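# Chain and residue survey
Below are the chains, spelled out letter by letter.
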Amino acid sequence: MLANVYLHQIDRVWDVREHGVLVRYADDVVIMCRSRAQAEDALAYLTGLLAELGLTPKASKTRIVHLAEAGEGLDFLGFHHRWARSQGRTGTKGVAFLARWPSDKAMQHARDSIRELTKRSRMLLSVDTIVGSVNRFLRGWAGYFRYGNSSGRFTKIRDYALMRLAGVIAKRHKRSRAYGRWVVLFSSDDQLGLISLGGIVYAPRPFRAWRRKPNTGGERPR
């Protein structure tokens with residue numbers, strides 16, 4: 001809230017036609033420009049505006065990125081954004097679009113959180129309690145990142161959660177991790193109740209709103 005109050009002056013004076021489209025959330029900013037020259041001018045202008053407020057851009061996070069196929073991407077608000085092309089049907093080129101998925105930093109945060117929820121000091125808790133806490137985290141994390149091209153990374157995070165739960169089982173029974181994997185994957189009918197992240201991703205499509213709109217009853221369409 002304080003960042004929005006303090007930086008509102010930038011929103012008020014920013015000229016989209018001259019400097020490009022500025023997208024800001026608190027103190028995180030992305031400026032979309034038509035050319036490198038415009039991007040360089042925009043960065044200089046933004047730096048000047050921040051200087052008037054007694055601020056400077058963070059050097060490690062400030063750079064100019066050219067979004068192009070097979071080029072580099074950028075991280076913003078937990079997502080990694082990269083220009084990509086879809087696989088077209090036989091003989092077609094496919095559609096170029098801005099793809100997005102959880103950034104490497106967001107992935108590491110998810111692993112750290114799951115590791116914390118399944119650490120040795122929680123072994124006195126029931127397995128259902130541990131699984132429930134992991135499920136609550138996964139629902140929140142996946143609910144944020146589901147709007148994008150996140151299926152592959154969702155699979156990696158859920159596989160990591162299964163691996164950690166296998167470790168919990170192994171430690172509780174003082175058996176090998178292989179035994180824990182057997183219990184989770186084959187002995188349990190529902191993998192100990194761990195939620196699935198499959199089928200919940202809402203991938204962007206050309207000419208379609210990137211967020212689903214609620215229906216007349218206020219619910220998300222199925």
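Residues numbered from 1 in each chain as written. Predicted model: local features only at pLDDT ≥ 70, side-chain atom pairs only at ≥ 80, totals over all residues. Heavy atoms only, no water.

Attention shifts here to the pattern of salt bridges. Summed over all chains, the structure comprises eight salt bridges. Residue Glu-69 pairs with Arg-85 through a salt bridge whose shortest N-O separation is 2.7 Å. Of this pair, Glu-69 sits in the loop between α3 (36-52) and β3 (74-76) while Arg-85 sits in strand β4 (residues 79-85); the two residues are 16 residues apart in sequence, bridging distant segments of the chain. You can call Glu-69 partly exposed: its relative accessible area is 41%. Residue Arg-85 is classed as partly exposed on the basis of its relative accessible area, which comes to 29%. (Salt bridge = Lys/Arg side-chain N within 4 Å of Asp/Glu carboxyl O. Helix = DSSP H or I, 4+ residues; strand = E, 2+ residues; numbered from the N terminus. Buried < 20%, exposed > 50% of the residue type's maximum accessible area, 1.4 Å probe, protein only.)

Attention shifts here to the nonpolar core. Counting residues in each nonpolar core, the largest one holds 30 residues, and the members touching the most others are Leu-138 and Trp-141. Looking at this core, the elements with two or more residues in it are α4 (104-117), α5 (127-145), α6 (151-173) and α7 (177-187). Beyond its immediate sequence surroundings of up to four residues, Leu-138 is in contact with Ile-114, Gly-143, Ile-157, Ala-161, Leu-194, Ile-195 and Leu-197. Membership of the second largest hydrophobic core comes to eight residues, among which are Ile-10, Leu-22, Ala-42 and Leu-46. (Core = buried A, V, L, I, M, F, W, Y, C linked by side-chain atoms within 4.5 Å. Contact = heavy atoms within 4.5 Å.)

A cluster of basic residues, Arg-120, Lys-171, Arg-177 and Arg-181, forms a positive patch at the surface. A relative accessible area of 36% means that Arg-177 is categorised as partly exposed. (Patch = residues over 30% accessible without salt bridge, like charges linked within 9 Å, V, L, I, M, F, W, Y side chains within 5 Å. Areas by Shrake-Rupley, 256 points an atom, 1.4 Å probe, with all protein chains shown as cover. Lys, Arg positive; Asp, Glu negative; His and termini not counted. Charge placed at Lys NZ, Arg CZ, Asp CG, Glu CD.)

Turning to a nonpolar patch on the surface, a few remarks are in order. Taken together, the side chains of Val-16, Val-21, Val-23 and Met-32 present a nonpolar region at the surface, about 310 Å² in accessible area. Note that Met-32 resides in strand β2 (residues 28-32). Exposure remark for Met-32: the relative accessible area of 46% places this residue in the partly exposed category.

Glancing now at α3. Between its terminal C-alpha atoms α3 stretches 25 Å, which fits the 24 Å expected from 17 residues at 1.5 Å a residue. Those residues of α3 not exposed but buried are Gln-38, Ala-39, Ala-42, Leu-46, Leu-49 and Leu-50. Looking straight down α3, one finds its buried side chains confined to an arc of 100 degrees; they lie on one side. Facing away from the buried side of α3 by over 90 degrees, the exposed positions are Arg-36, Asp-41, Ala-44, Ala-51 and Glu-52. Positive phi shows up at Gly-54, right after α3, with a value of about 80 degrees. (Expected span 1.5 Å × (residues − 1). Arc of directions from axis to C-beta.)

To describe two helices that pack against each other, one gives the angle between their axes and the distance between the axes. For the pair helix α1 (residues 2-13) and α3, interaxial distance at closest approach is 10 Å and the crossing angle is 140 degrees. One way to sum up the angle between α1 and α3 is to call them oblique. Like other packed secondary-structure pairs, α1 and α3 cross with a definite hand, here right-handed. Contact residues: α1 offers Leu-7, Ile-10 and Val-13, while α3 offers Tyr-45, Leu-46, Leu-49 and Leu-50. (Axes fitted to C-alpha atoms, helices over the stretch in contact; angles between N-to-C directions. Parallel < 35°, antiparallel > 145°, perpendicular 65-115°, else oblique. Left-handed = near helix turned anticlockwise from the far one by under 90°.)

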